[in-house]
Structure formats: structure tokens, C-alpha cells
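A closer look at the structure
Listed below, chain by chain, are the residues.
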Amino acid sequence: MADSFDVAILGSGPGGYVAAIRAGQFGLTTAIIEKDARLGGTCLHRGCIPTKALLYTAELFHRVQNAAAFGIDVGSAVVDWNAAQKHKQKVVDKNAGGVDFLMKKNKVTVIKGFGKLLGKGKIEIKGADGAVKIIEAKNIILATGSVVSTLPSISIDNERILSSDSILTLPVIPKSLVVLGAGAVGTEFASIFNQVGSKVTLIEFLPRVLPLEDEDVSAELKKQLVRQKIDVLTSTTFESVTRTKGGVQVKAKGSDGKEIIIEAEYFLSAVGRKPVTEGIGLEVTNIKRNPKGAITVDPMMRTTEPNVYAIGDITTYPMLAHCASAMGTLAAEDIAGKNPRPINIDRVPNATYCYPEVASVGLTEKRARERGFDVKVGTFPFSAVGKAAISDEGIGFVKIVSDKKYDEVLGVHLVGPHATELLAEACVGLQLETTTEELGRTIHAHPTLSEAIHEAAEVTLGHPIHI
């Protein structure tokens, strides 16, 4: 007889394990199936967490190098890359242990192995030892995530030509690195290695870095990256990367049609990710996918197969860990009959942890105009904020996009110090459908970086104080 559950979840990333917790909280018998040795998925083991750990090391080194200006002379600082890697792994292991604990706390059955749909609520699970187990579930949540993708012309060897997975275990700091792709992943790795001493070249096919962000934010970030001596090549067509005796040779073509040849020690392909929807048994279901392999879901995360849900990177929603978690919560609540509120994609925040950080929620100025809003905009620089002067981080700005007719805030965009933390206020504001006036009349503590948000609202209203 097969084990039977109310809910079975394929994948234990930030979507899957959160769905399992929520289902367990509702008293549903829940199983989570994971092919990797540890729970946590890509975000914990090969993405968000290890990347941010290395980013913190890089930022700390940058701080120490400039500490003398603040009255602290520490001499000549060096990066112990081996110790940085150990710190990264310590953080990952601690978080993985936390996920294990939460599964036990919420009475979730953990099954290790590769899960595959058999149809009619049955799932086959093949363990690492080849043993096969079959379980049954009244409801199934697919949360199999995504893997790195690259261009057909690139052969990743994980030695000199790297993916965003393999670069995390690089044993040395490269003397030089070429990064292909100036999205969130590419700019973050460019920042890490630039700050620890690598000569970094960042190549982007589109006209700007972070192409999904507001155009003004992209322009400011590019300016700051160039100031840090990162070679930023936008509107540049990648042609090839080949191994050389000491590293790699990269060929590209600029917007003027001229060939660009770059010699470097390492090459990182950071051009995107693709959903893991092959090999999990979708062919025995009526589940629909788009041409890129992503699963179509309704507002409750239901697929076109009865009692089968899909969440996270395998859907058409943004490939973001926090979005996957929200989707997992929503799916579990729908299964439990709690009538949850659908996710508003416009209010899913973006956060990029390069230096300076970039964060946003809501509509860009361009998108707001495309939707027909009569737009008003206010921008306030961090250079006019006292707290930023204290830490010598007066770079970047806050930009508020709002509607003239009703004064509703449509989007908030930040590039500057601690932007990813400052964004929370904007997320709450948009969720509550705040107006620019309400934001401007909210008293912000002084001196804080968050004053820039208050001041940006004042600019939007036409009566700024500090500029």
C-alpha cells in the first residue's frame, strides 16, 4: 500500500518548504520530496544565501580598506578567500538545519529522492540507492524550481567557463573576470569580485544594466559601477568564449560594429535560468506549459490538471525566492479552503545586492505611462541625507512614481546604500494603496537613510525641504 497524504510537494526550495509549513499548520498531512541531500533548494544552497554571504565579505573588505577616513587605521587588509568560503558554507548549513527543524515542528514527512508524477494523485520517488517508493496525495504542489541556462554557443566547463552555481565554489579570487549578463545575478557577482580585487568586465546585450528596473535607476547604477572601475559594456553582442593557456578569450561586438576581444582568467555566464519541468511526469497530465517550459497557473496557483498546483520558478511568475514563498503560502491556503487573496504581481518587490544596492516595487515610470496613468515623479538623492554623509555613502537616489489624478503611489525605486532594506516601507505603502501625501506626511526618524523616501515624496508633491 502506498503512503497517503493530503498534500505532497515536489521540491524543498523557498516555495516548497514554505508551502509544506503552511499546510502543516492547517493540520494537513504533508510530504515534501527532495532529490538533493539537504532541504532548501537553489536559493539556499546555490543562489540567494551563499551569494549574499560573499557579497557581505566583499562589502566588509571595502569598508575596512576605507576605514582610515573614519579614524580607524587597520593597516593593509587582505581577503582570506578560503575563510570567506567557510563563512558562506556555515551560513548555508545553519539555514539548512533550520529548514529541517521546521519540517519536524510542523509534522511534515520528508522523503529524499527524485519525484515523478504518475497521474491520478500518485507520485513515484526514486531514491539515490535506486529504490522506488510510490505515494498518493489528494493535492500535489510542484515546486521543482529552475536551473542555470546559457547560450548555445557557450560550453560551461566549471573550470574557467563558469555558471552562477560553479563560481560560488571558486577556490581563488580571479585576477580578471568577464561576466556575461547584467541582470541581478551578473551585477551581484561583478560587485563581489570587483570589491575583492578582480578586474571585472560586465557585458550586456541590452542598452542598460538591470534592464527590468526603472531607466533612471539603470543609468545611475551603470555610472556607479564605472566609477568603481568595472568595464560596463552595454548594447554589446557576445560572440564567443574559448579557453586559452591561462584562462579565456572573449569576443564580442560593440554597438558600433567593432570587434571587442577580452583576455581574462575566468568567464561567468549569467544570462538567465530555465524552469525544471522536464522528467517530472507532466506528460501524464493535462498541465499546460508556455514555449519556454513554464507552467500556466490560475490566481490560486492551480494548474490545468485537477488538484495539481505549481509555484515558484516553474511558473510564469517572477523568478524570485520571496515570490515563490508567497505562492507556496497561497497554494496551501487554497488547498485548506481558506479563500486566500491572489498575488498582485505589480507588488512583488525586486532586490539586487550589488554595490550600490538596487530595490524596487510597483511600476516603473515608463510602465506607468504605458498603462495610461498621468504620471508625476519625485527624485531625491542620498547625497542630501545626513545619515548617508556619516557613512560616506551619498550615492544614488529614491524615485517615486505616482498618479496625478488620485495621488496614489504606483512605484518606488531605489539605488543606493541599504536600498534592499529601505524598500520594505514602500512595499507596505503600495499594499495599503498609499498616496504620495500620506507618505510625505509620515514622520521619519532623523538621522536615517529612510528620510530619502520621505523627501522623495515631498519632491513629488512640489515642496521639498532639503534640496
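A short tour of the structure in this document, coming up.

Cut-off values and rules
- Residues numbered from 1 in each chain as written.
- Predicted model: local features only at pLDDT ≥ 70, side-chain atom pairs only at ≥ 80, totals over all residues.
- Heavy atoms only, no water.
- Helix = DSSP H or I, 4+ residues; strand = E, 2+ residues; numbered from the N terminus.
- Rg over C-alpha atoms; globule rule 2.2 N^0.38 Å.
- Buried < 20%, exposed > 50% of the residue type's maximum accessible area, 1.4 Å probe, protein only.
- Contact = heavy atoms within 4.5 Å.
- Areas by Shrake-Rupley, 256 points an atom, 1.4 Å probe, with all protein chains shown as cover.
- Lys, Arg positive; Asp, Glu negative; His and termini not counted.
- Charge placed at Lys NZ, Arg CZ, Asp CG, Glu CD.
- 1 Å grid on protein atoms, 1.4 Å probe; cavity = no way out; pocket = protein on both sides within 12 Å on 5 of 7 lines; lining within 4 Å.
- Points joined across faces, edges and corners; volume = space filled by probe spheres on them.
- Nonpolar A, V, L, I, M, F, W, Y, C, P; charged D, E, K, R; others polar.
- Pairing = 2+ DSSP bridges.
- Axes fitted to C-alpha atoms, helices over the stretch in contact; angles between N-to-C directions.
- Core = buried A, V, L, I, M, F, W, Y, C linked by side-chain atoms within 4.5 Å.
- Phe/Tyr/Trp six-rings, centres within 6.5 Å; stacked < 30°, edge-to-face > 60°.
- Lys NZ or Arg CZ within 6 Å of the ring centre and 35° of its normal.
- Parallel < 35°, antiparallel > 145°, perpendicular 65-115°, else oblique.
- Left-handed = near helix turned anticlockwise from the far one by under 90°.

The next thing to look at is the overall build of the protein. The helix and strand inventory of the protein stands at 12 helices and 22 strands. In terms of overall dimensions, the protein is globule-like: its C-alpha atoms have a radius of gyration of 24 Å, near the 23 Å expected for 467 residues. By principal-axis analysis of the C-alpha atoms, the protein measures approximately 70 × 65 × 45 Å. Relative to its full complement of 467 residues, the protein shows a buried share of 50%. A separation threshold of at least 6 residues defines the contact pool for the protein, and within that pool the share at least 24 residues apart is 63%. Approximately 21,700 Å² of the protein is accessible, and the part contributed by carbon and sulfur atoms is 53%. Of the side-chain charges in the protein, 52 are positive and 53 negative, and the distance between the mean point of each set is 4 Å.

Take the layout of surface pockets next. Looking at the second largest pocket, its volume works out to about 430 Å³. In terms of lining, the second largest pocket is formed by 16 residues, of which the most central are Ala326, Pro342, Ile343, Asn344 and Gln431. Sorting the residues of the lining of the second largest pocket by element identifies helix H7 (321–335) and helix H10 (419–431) as the ones contributing at least two each. If you tally residues by element for the lining of the second largest pocket, the top one is H7, at 6 residues. Grouping the constituent residues of the lining of the second largest pocket by class yields 9 nonpolar, 4 polar and 3 charged.

In spatial order, the strands read E12-E13-E14; together these 3 strands make up an open sheet with antiparallel pairing. A single partner strand is all that each edge strand has here, and the edge strands are strand E12 (237–243) and strand E14 (259–264). Sheet twist, expressed as the average angle between the axes of neighbouring strands with direction ignored, equals 20°. Summarising the sheet, strand E13 (residues 248–253) and E14 pair through 6 bridges and their orientation is antiparallel. Of the residues in E14, the one forming a bridge with Lys251 is Ile261.

What follows covers the nonpolar core. Formed by 51 residues in total, the largest nonpolar core has its most connected members in Ile123, Ile135, Ile141, Leu142 and Met301. With 6 residues, the top contributor of residues to this core is H7. In contact with Leu142, not counting residues within four places along its chain, are Leu10, Leu117, Leu282, Ile287, Ile295, Val308, Tyr309, Ala310, Ile311 and Ile314. Grouped together as the second largest cluster of nonpolar side chains are 33 residues, Ala58, Ala84, Val209 and Leu225 included.

Glycine aside, negative phi is the norm for most residues, and most peptide bonds take the trans geometry. At the junction of Tyr355 and Pro356, the peptide bond is cis and its omega measures out at 0° in the coordinates. Looking at the secondary structure, you find Pro356 in the loop between strand E18 (350–352) and strand E19 (357–362). Each neighbour pair has its own omega, and for His446 with Pro447 the value is -5°, a cis peptide bond. Even without being glycine, His418 reaches a positive phi, approximately 55°. Looking at where His418 falls in the secondary structure, it is placed in the loop between strand E22 (409–416) and H10. The backbone of Glu433 sits at a positive phi, close to 55°, despite the residue not being glycine. Along the polypeptide, Glu433 turns up in the loop between H10 and helix H11 (436–440).

What follows is about the packing of aromatic side chains. For the structure on display, the rule yields 2 aromatic pairs. Residues Trp81 and Phe193 carry aromatic rings whose centres are separated by 5.6 Å and whose planes lie at 45° to one another, so their mutual orientation is tilted. Separated by 112 residues along the polypeptide, Trp81 in helix H4 (residues 81–105) and Phe193 in helix H5 (residues 184–195) bring together distant segments of the chain. Taken individually, Trp81 and Phe193 each receive the classification buried, so the pair is uniform in this respect. Cation over ring: Arg160 sits above Tyr266, and NZ or CZ is 4.7 Å from the ring centre.

Turning our eyes to something else, we now look at the packing of helix H1 (residues 16–25) against H4. Packed helix pairs are characterised by how far apart their axes lie and by the angle those axes make with each other. Close contact between H1 and H4 brings their axes to 9 Å; oriented N to C, the two are set at 25°. By the angle between their directions, the pair H1 and H4 is classed as roughly parallel. Crossing of H1 against H4: the hand is left-handed. Here H1 contributes Tyr17, Ala20 and Ile21 to the contact with H4, which in turn contributes Val99, Leu102 and Met103. Residues belonging to the contact of H1 with H4 are distributed by class as follows: 6 nonpolar, no polar and no charged.

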